[in-house]
Amino acid sequence: MNIEKYYEIKNSLPAPVQLIAVSKFKPAEDIQTLYNEGQRAFGENKAQEMKAKHEILPKDIQWHFIGHLQTNKIKYIAPYVTMIHSIDSAELLSEVNKYALKNDRVIPCLLQFHIAAEETKFGFDLRECEEMLNSADFQNWKNVHICGVMGMGTFTEDMDQVRREFQHLHQIFDTLKQKYFADDADFKELSMGMTDDYPIAVEEGSTFIRIGSAIFGARNYNVPVND
Ligand SMILES: *Cc1c(COP(=O)(O)O)cnc(C)c1O
């Protein structure tokens, strides 16, 4: 846990950029420590892990879901999640809408785009996404609110490539804003940038950076998580 680094990053951010502390694989005590420093926005990528932490931690924590979400896990986060960054299909958005309705709330969501060179990263491409936005179904999903886009850069040393990917995501944001969300002031979020590439993301217009290891230290993936 590196509180000094936390403040260094936080104090380097221009006003519109929010820091999400990515606490996946880290114990609740680490979240509480950062909470005590004033941090409220935390990111998790496993639904059951988020649920378990939500139950024991302060209720004013803002929980951002940033991982691939399976439809059968939505129920673990729907009652309280602040924002889902990782909507990557029409089917998922439709299911999130269903659970939001059940919980009598509107869930803010971001559309995740595949901008990296790697095959493994989830996300829409623009054509697929526009198909959804143009559909009659989409108009009827009143319990989800689309607030912007999210993406992950390629895991590479080549920062020029990562910058081009972030620029691409910004273009996608501008296109969707102009065509579908021009009158919606809430469509304003660009979730991009992690420990290794957040300074570039900020330069390219990010509004949410998602920082894990720089703050909490390297993750130990061998610790079993209940998900
Ligand atoms: C784990 C994760 C992060 C944080 O990664 P770090 O490199 O540790 O900062 C950000 N975004 C997503 C989607 C993640 O899964």
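Source: prediction; values computed, not measured.

Participant: Hey, could you run me through unusual backbone geometry in this one?
Facilitator: Excluding glycine, a negative phi dihedral is what most residues carry, and trans is how most peptide bonds are arranged. In this structure, F25 is a non-glycine residue whose phi angle is positive, near 70 degrees. On the secondary structure map, F25 appears in the loop between strand 1 (18-22) and helix 2 (28-36). Using a relative accessible area of 18% as the deciding quantity, one classes F25 as buried. In the Ramachandran plot, D104 falls in the positive-phi region, its phi being about 55 degrees despite a non-glycine side chain.

Participant: What is the right way to read the environment of Y7 from this model?
Facilitator: Here Y7 lies in helix 1 (residues 3-12). Take Y7: its relative accessible area is 30%, and that puts it in the partly exposed class. Note: C-alpha distance between Y7 and H68 (61 residues apart in sequence) is 29 Å.

Participant: I'm lost on the site of the ligand in this one. Help?
Facilitator: If you check the shell around the ligand, you find V22, K24, I66, M150, M152, M194, T195, R210, I211, G212, S213 and R219 and nothing else. Interatomic distance of 2.6 Å between a side-chain N/O atom of K24 and an oxygen atom of the ligand. Between an oxygen atom of the ligand and a side-chain N or O atom of T195, the distance comes to 2.5 Å. Contact with the protein chains hides 92% of the accessible area of the ligand, taken as 390 Å² for the molecule alone. Its residues placed into classes, the shell around the ligand shows 6 nonpolar, 3 polar and 3 charged.

Participant: Can you walk me through the packing of aromatic side chains in this structure?
Facilitator: The geometry of an aromatic ring pair is captured by the separation of the ring centres together with the interplanar angle, meaning the angle of the planes. All chains considered together, the criterion is met by 6 aromatic pairs. Considering the side-chain rings of Y6 and Y7, the 5.0 Å spacing of their centres and the 65 degrees angle between planes classify their relative orientation as edge-to-face. Classification of Y6 as buried rests on a relative accessible area of 0%. Seen in terms of ring centroids, F138 and W141 are 6.2 Å apart; in terms of plane orientation they differ by 80 degrees. Their pairing is edge-to-face. On the basis of relative accessible area, F138 is assigned to the buried category, the value being 14%.

Participant: Hey, could you run me through the nonpolar core in this one?
Facilitator: Note that soluble globular proteins tend to have their nonpolar side chains buried in a common cluster. By size, the foremost hydrophobic cluster in this structure holds 63 residues, and its most contacted members are I84, V96, L111, F113 and L176. For this core, the element with the most residues is helix 7 (residues 159-180), which contributes 6 residues. Those residues in contact with I84 that lie beyond four places of it in its chain are F65, L69, I77, V96, I107, P108, C109 and L110. Residues A41, L110, C147 and F208 belong to the second largest nonpolar core, which totals 7 residues.

Rules used in this analysis
Residues numbered from 1 in each chain as written. Predicted model: local features only at pLDDT ≥ 70, side-chain atom pairs only at ≥ 80, totals over all residues. Heavy atoms only, no water. Helix = DSSP H or I, 4+ residues; strand = E, 2+ residues; numbered from the N terminus. Buried < 20%, exposed > 50% of the residue type's maximum accessible area, 1.4 Å probe, protein only. Near = heavy atom within 4 Å. Polar contact = N/O pair within 3.5 Å; in protein donor to acceptor, adjacent residues only side chain to side chain. Areas by Shrake-Rupley, 256 points an atom, 1.4 Å probe, with all protein chains shown as cover. Nonpolar A, V, L, I, M, F, W, Y, C, P; charged D, E, K, R; others polar. Phe/Tyr/Trp six-rings, centres within 6.5 Å; stacked < 30°, edge-to-face > 60°. Core = buried A, V, L, I, M, F, W, Y, C linked by side-chain atoms within 4.5 Å. Contact = heavy atoms within 4.5 Å.

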